[in-house]
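Residue-level listing of the chains:
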Amino acid sequence: MTQQQKTHHLGVIDKVGENIVKELGGHLTDDMHECTHLVTDKIRRTVKFLCAIVRGLRIVNQEWFRDSKKQSRFLAELSYENFNESSTQSIEARYGFTFTKTMAVARSRSQQLFSGHQIHVTKSVHPPPQEMYQMSLCPENAKGLGSS
């Protein structure tokens, strides 16, 4: 992986993690259109997590930046795209998907996810309409970001 300036959106971070990202030349952001990575401890059903999937971002566990600090550079992400196995299996079964397959599809798309579609959201949909709207703004595919 070439050392480059990266922007990170961190779902779970403490001061130590913030310092690591900054020491390695990264930046923290809450803007899902700017971020290249989402760091989290588990698969979640949140707007930020779903936007990260839609954009094909690298979704990694916290060990990624801790191990990166040891090597003084951002490491390849692929081996850090895993979470607590029982938690992952539970949420995959509950929602009927496979995280690794979902991410592979998201990263292989040649068009934006909602390209050519109109989306109509009713007030009883889950996630709520405002969150669905936010997700519809995240279709810019970020493939090519990261190193794996």
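Residues numbered from 1 in each chain as written. Predicted model: local features only at pLDDT ≥ 70, side-chain atom pairs only at ≥ 80, totals over all residues. Heavy atoms only, no water.

Draft legend 1. Structural detail: the overall build of the protein chain. Each helix and strand in the protein chain was counted, giving 6 helices and 4 strands. Start at the N end of the protein chain and walk to the C end: the helices and strands fall as β-α-β-β-α-β-α-α-α-α. A total of 148 residues make up the protein chain; the buried ones form 38% of that total. Summing over all exposed atoms, the protein chain offers an accessible surface of approximately 8600 Å²; the carbon and sulfur share of this is 50%. (Helix = DSSP H or I, 4+ residues; strand = E, 2+ residues; numbered from the N terminus. Buried < 20%, exposed > 50% of the residue type's maximum accessible area, 1.4 Å probe, protein only. Areas by Shrake-Rupley, 256 points an atom, 1.4 Å probe, with all protein chains shown as cover.)

Draft legend 2. Representation of the nonpolar core. Of all hydrophobic cores here, the largest spans 17 residues; its most connected members are Met32, Ile43, Phe49, Cys51, Ala52, Ile59 and Phe99. Among the secondary structure elements, those contributing two or more residues to this core are helix H2 (47-55) and helix H5 (99-108). When residues of this core are assigned to their parent elements, the largest contribution, 5 residues, is made by H2. With residues near it in sequence (within four places) discarded, isoleucine 43 still touches Phe49, Phe83, Thr88, Ile91, Phe97 and Phe99. (Core = buried A, V, L, I, M, F, W, Y, C linked by side-chain atoms within 4.5 Å. Contact = heavy atoms within 4.5 Å.)

Draft legend 3. Representation of unusual backbone geometry in the model. Of note in this structure, serine 72 is not a glycine but carries a positive phi near 60 degrees. Looking at the secondary structure, you find serine 72 in the loop between helix H3 (63-71) and helix H4 (85-95). Taking relative accessible area as the criterion, serine 72 reaches 57% and is therefore assigned exposed.

Draft legend 4. Inspection of the environment of aspartate 30 at higher detail. One can find aspartate 30 in the loop between strand S2 (26-28) and strand S3 (37-39). By relative accessible area, which is 64% here, aspartate 30 ends up exposed. Sequence separation between aspartate 30 and lysine 48 is 18 residues; the distance between their C-alpha atoms is 9.1 Å.

Draft legend 5. Broad picture of the confidence of the model for the protein chain. Residues at a pLDDT of 70 or more form 82% of the protein chain, whose mean pLDDT is 80. Here residues 1-5 is a poorly scored stretch, pLDDT under 50, and it has 10 contacts once near neighbours within four places are set aside; other chains count. Confidence drops under a pLDDT of 50 for residues 143-148, and excluding neighbours within four residues, the segment shows 21 contacts in the predicted structure. (pLDDT = per-residue confidence, 0-100.)

Draft legend 6. Focus on the packing of H2 against helix H6 (residues 129-136). Where H2 meets H6, the axes come as close as 9 Å, and the angle between the chain directions of the two elements is 30 degrees. With respect to their mutual orientation, H2 and H6 come out roughly parallel. Considering only the axes of H2 and H6, their crossing is right-handed. Between H2, through Val47, Leu50 and Cys51, and H6, the contact on the second element is made entirely by Glu131, Gln134 and Met135. (Axes fitted to C-alpha atoms, helices over the stretch in contact; angles between N-to-C directions. Parallel < 35°, antiparallel > 145°, perpendicular 65-115°, else oblique. Left-handed = near helix turned anticlockwise from the far one by under 90°.)

Draft legend 7. Structural detail: the pattern of salt bridges. According to the stated counting rule, one finds 7 salt bridges in the structure shown. Between arginine 107 and glutamate 81 there is a salt bridge, and its shortest N-O distance comes to 2.7 Å. You can see arginine 107 sitting in helix H5 and its partner glutamate 81 sitting in the loop between H3 and H4, a full 26 residues away along the chain. Overlapping salt bridges, with partners in common, bring together Arg58, Glu81 and Arg107 in one network. (Salt bridge = Lys/Arg side-chain N within 4 Å of Asp/Glu carboxyl O.)

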